[in-house]
Amino acid sequence: MSPILFEFKGRHADLFEVYSSYNLNVDPENDLNGDGWPGPCDFLISFQSSYVVQAPIFSLVEAKNDNIELGLGQCVAQMLGAQLYNLKEDRSVPTIYGCVTTGKDWQFLTLHGQLVTIDTKQYYLNQPGELLGILDWIVGQFDHIPSIALTT
């Protein structure tokens, strides 16, 4: 796990779980499964810390060949998978967040309904306060949703 994710998990240990290489098998007919494309999620953040994924809201993709652009499609597919997973589990959330990272460079995305937004700004590991601030802000977006039921 990256140092940023490790620190983030430490700050919010009771709020969510980080899953690594988790297969979101939500729609095999449309190739949204872990066995095909886009493959397992590099990291998936799910609220309600548990051994079973519940209400995934954030997908983090490790960039291939240190190229963030190559990871954007995979991240969008995994965010769509998380959105469909939440709908099937009757745990819909308004926005799914995502990020592609080389470990040093980070780029964030959102999926709201059918609209994907890619932040044009890249963030850098040498700015840990800014990265952690973004991740903390994302957590703050879910503290008012009863189906997620965050507690601090």
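The structure this text deals with has already been given above.
Residues numbered from 1 in each chain as written. Predicted model: local features only at pLDDT ≥ 70, side-chain atom pairs only at ≥ 80, totals over all residues. Heavy atoms only, no water.

Undergrad: So what exactly am I meant to see when it comes to empty space enclosed by the protein here?
TA: The method is simple in principle: a probe with the dimensions of a water molecule rolls over the atoms, and the space it marks as empty is what remains. Evaluated as defined, the whole model comprises 2 cavities of 30 Å³ or more. The volume enclosed by the second largest cavity comes to roughly 40 Å³. Looking at the lining of the second largest cavity, the elements with two or more residues in it are β2 (41-47), β3 (56-62) and α3 (128-140). Across the lining of the second largest cavity, the residue classes tally to 9 nonpolar, no polar and no charged. (1 Å grid on protein atoms, 1.4 Å probe; cavity = no way out; pocket = protein on both sides within 12 Å on 5 of 7 lines; lining within 4 Å. Points joined across faces, edges and corners; volume = space filled by probe spheres on them. Helix = DSSP H or I, 4+ residues; strand = E, 2+ residues; numbered from the N terminus. Nonpolar A, V, L, I, M, F, W, Y, C, P; charged D, E, K, R; others polar.)

Undergrad: Even after reading the chapter, I still don't get the side chain of Lys9, so can you show me in this structure?
TA: Take Lys9: it is sitting in helix α1 (residues 3-11). For Lys9, a relative accessible area of 16% corresponds to the buried category. For Lys9, the contacting residues outside a window of four places in its chain are Phe16, Glu17 and Val18. (Buried < 20%, exposed > 50% of the residue type's maximum accessible area, 1.4 Å probe, protein only. Contact = heavy atoms within 4.5 Å.)

Undergrad: Can you help me understand the packing of aromatic side chains in this one?
TA: Each aromatic ring pair is summarised here by two numbers: the centre-to-centre distance and the angle between the ring planes. For the coordinates displayed, the defined rule picks out 3 aromatic pairs. Taken together, a centroid distance of 6.0 Å and an interplanar angle of 85° make the contact between Tyr97 and Trp137 edge-to-face. Of this pair, Tyr97 sits in strand β4 (residues 95-101) while Trp137 sits in helix α3, placing them 40 residues apart in sequence. Looking at Tyr97, the relative accessible area reads 7%, which means it is buried. Consider the rings of Trp106 and Phe108, whose centres lie 6.4 Å apart with planes at 25°: the pair is stacked. For the pair shown, Trp106 and Phe108 are each scored as buried. Through successive ring pairs, a cluster of aromatic residues spans Trp106, Phe108 and Tyr123. (Phe/Tyr/Trp six-rings, centres within 6.5 Å; stacked < 30°, edge-to-face > 60°.)

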